[in-house]
Amino acid sequence: MKPIASLSLDLDNKWSYMKTHGDAGWESFPSYLDIVVPRTLQFFKERSLEITFFIVGQDAALDKNTESLHSISEANHEIGNHSFNHEPWLHLYSKPELETEFRRTEEAIAKFTNQRLIGFRGPGYSLSPTVLEVLAERGYEYDCSTLPTYIAPLARAYYFFKSPEMSDEEREKRKKLFGKFADGFQSLKPYKWRVGEKSLVEIPVTTLPLFKTPIHASYVIYLSTFSKTLAKTYWKTAIEMCRVSGTQLSLLLHPLDFLSGEDAPELKFFPAMNLPIEKKLEFVSEILEVFTGKFEVVNMREHAATVAAENLKSLDYGKQAA
Ligand SMILES: [Zn+2]
């Protein structure tokens, strides 16, 4: 039997990229959901995959997105909470602010599905003890906001380099974007947090065992723009290392993995947005084939249920083992 692994997609919309990047025009919430949702649903249907879509509450609150978002739950995918405002500095929010953030997202999502939300991923991998507390109180069962990687400071440097017009104040807020170097010492394997009397399952976004470099699709697609052979070798090695080390992989996808610069001209400067869409989809298809060949791929809900059933000791925030 193949080991279990999960697949999810953070449905970051065009405006949230523009907002994080400090671009004008995001305030009218420009959307590409009508392009990317049908495309991804078709893609997963052809591969008989049921995954988890992490949805931003602000998108769910707008009538123009209701039809696209409804089609996701109609296609049997799990819906997860990806915050309301998609602010990567969520760890700076107070408890009342977080409660509002969660309540608004839950109410907006309830407009198009009666699925109960049990999973959360913070924008930009932001997490705090207060976030965990609010999750536990609201009946969530798992979190997947941690990204154990050493390269966060590098990713951040690249990002600031690409955003020269940002003010000091805006920079300050984004300081913890992509995490800090010490995040690399966090566990790759799923574990449980102790939150008061309750416990929450944590499923980290998988990074390469030992090296902790990202193995989510966007990074591998970016590598492929330099050398397809290199990217594929890296990917196959990563998958094999996870299998051999018993790491339960949780692979993360983004809308930009399914879009080209023509679909979203405002985001042209993002890595690999210059790839023609056919080439990009072909490559995503190839890497997913390697993944599903080695692992039994399920949604996050099912993955979390198997972790919950394991006899694991619950850890306090900040004490997670390497
Ligand atoms: Zn996001």
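The structure we're discussing is the one just above.
Below is a summary of the structure that appears in this document.

What counts and what doesn't
Residues numbered from 1 in each chain as written. Predicted model: local features only at pLDDT ≥ 70, side-chain atom pairs only at ≥ 80, totals over all residues. Heavy atoms only, no water. Helix = DSSP H or I, 4+ residues; strand = E, 2+ residues; numbered from the N terminus. Buried < 20%, exposed > 50% of the residue type's maximum accessible area, 1.4 Å probe, protein only. Contact = heavy atoms within 4.5 Å. Donors = N, O, S within 2.8 Å, 3.2 Å for Na, K, Ca; no water. Tetrahedral: all angles 85-135°; square planar, octahedral: opposite > 155°, others 65-115°. Polar contact = N/O pair within 3.5 Å; in protein donor to acceptor, adjacent residues only side chain to side chain. Pairing = 2+ DSSP bridges. Core = buried A, V, L, I, M, F, W, Y, C linked by side-chain atoms within 4.5 Å. Axes fitted to C-alpha atoms, helices over the stretch in contact; angles between N-to-C directions. Parallel < 35°, antiparallel > 145°, perpendicular 65-115°, else oblique. Left-handed = near helix turned anticlockwise from the far one by under 90°. Nonpolar A, V, L, I, M, F, W, Y, C, P; charged D, E, K, R; others polar.

**Concerning the environment of L135**
Phase 1: In this fold, L135 is placed in helix α6 (residues 129–137).
Phase 2: Its relative accessible area of 0% is what places L135 among the buried residues.
Phase 3: C-alpha separation for the pair L135 and L200, spaced 65 residues apart in sequence, amounts to 8.3 Å.
Phase 4: Those residues in contact with L135 that sit more than four places away from it in its chain are F102, F120, Y140, D143 and L200.

**Observations concerning the coordination of the zinc ion**
Phase 1: Every protein donor of the zinc ion is listed here as D12 (OD), D12 (OD), H82 (NE2) and H86 (NE2), and their distances to the metal cover 2.0 to 2.7 Å.
Phase 2: Coordination geometry of the zinc ion: the 4 donor atoms subtend angles of 53 to 133 degrees at the metal centre, consistent with an arrangement described as irregular.
Phase 3: Of note, the zinc ion draws all its donor residues from one chain, in the sequence arrangement D-x69-H-x3-H. Taken together, the positions of D12 in the loop between β1 (4–10) and α1 (14–21) and H86 in the loop between β3 (78–81) and α5 (95–109) put the pair 74 residues apart, joining distant regions of the chain.
Phase 4: Looking at H86, the relative accessible area reads 7%, which means it is buried.

**Describing the side chain of T105**
Phase 1: Topologically, T105 is positioned in helix α5.
Phase 2: Overall, T105 belongs to the buried group, its relative accessible area being 0%.
Phase 3: Looking at T105, its side chain comes within polar contact range of the main-chain oxygen of E101, at 2.8 Å.
Phase 4: Ignoring sequence-local partners within four residues, the contact set of T105 consists of I55, G57, N81, S83 and F84.

**Some words on the environment of S126**
Phase 1: Assignment of secondary structure puts S126 in the loop between β4 (119–120) and α6.
Phase 2: Sequence separation of S126 and E87 is 39 residues, and the distance between their C-alpha atoms is 8.8 Å.
Phase 3: Within the local environment of S126, its side chain forms a polar contact with the backbone oxygen of P123, the two atoms lying 2.7 Å apart.

**Some remarks on the pairing of strand β6 (residues 191–195)**
Phase 1: Within β6, 4 of the 5 residues are buried, which leaves it mostly tucked inside the rest of the structure.
Phase 2: Judged from the 5 bridges that link them, β6 and strand β7 (residues 198–202) form a sheet pairing that is antiparallel. Within β7, the position partnered with V195 by the bridge is K198.
Phase 3: Linking β6 back to β7 in an antiparallel pair, the connection comprises 2 residues, with G196 at a positive phi of about 60 degrees.
Phase 4: Where β6 and strand β10 (residues 314–315) come together, 2 bridges link them in parallel fashion. Paired with K192 across the strands is S314, a residue of β10.

**Considering the nonpolar core**
Phase 1: Counting 71 residues, the largest nonpolar core has L7, L11, F44, I55 and F291 as its most contacted members.
Phase 2: In terms of residues, this core owes the most to one element, helix α2 (residues 33–46), which gives 6 residues.
Phase 3: Contact partners of L11, with chain neighbours within four places excluded, come to L33, V36, V37, F53, F54, I55, V56, D59, L69, I72 and P255.
Phase 4: In this structure, F54, C144, V201 and V307 belong to the second largest nonpolar core, which totals 9 residues.

**Describing the packing of helix α10 (residues 228–244) against helix α11 (residues 277–294)**
Phase 1: Where α10 contacts α11, the axes come no closer than 10 Å and their chain directions differ by 20 degrees. By the angle between their axes, α10 is roughly parallel relative to α11. Remark: the crossing between α10 and α11 carries right-handed chirality. Each of K228, A231, K232, W235, K236, I239, E240 and R243 in α10 lies in contact with α11, whose residues at this interface are E282, F283, E286, I287, V290, F291 and K294.
Phase 2: Each residue belonging to the contact of α10 with α11 can be placed in one class, and the counts come to 7 nonpolar, no polar and 8 charged.

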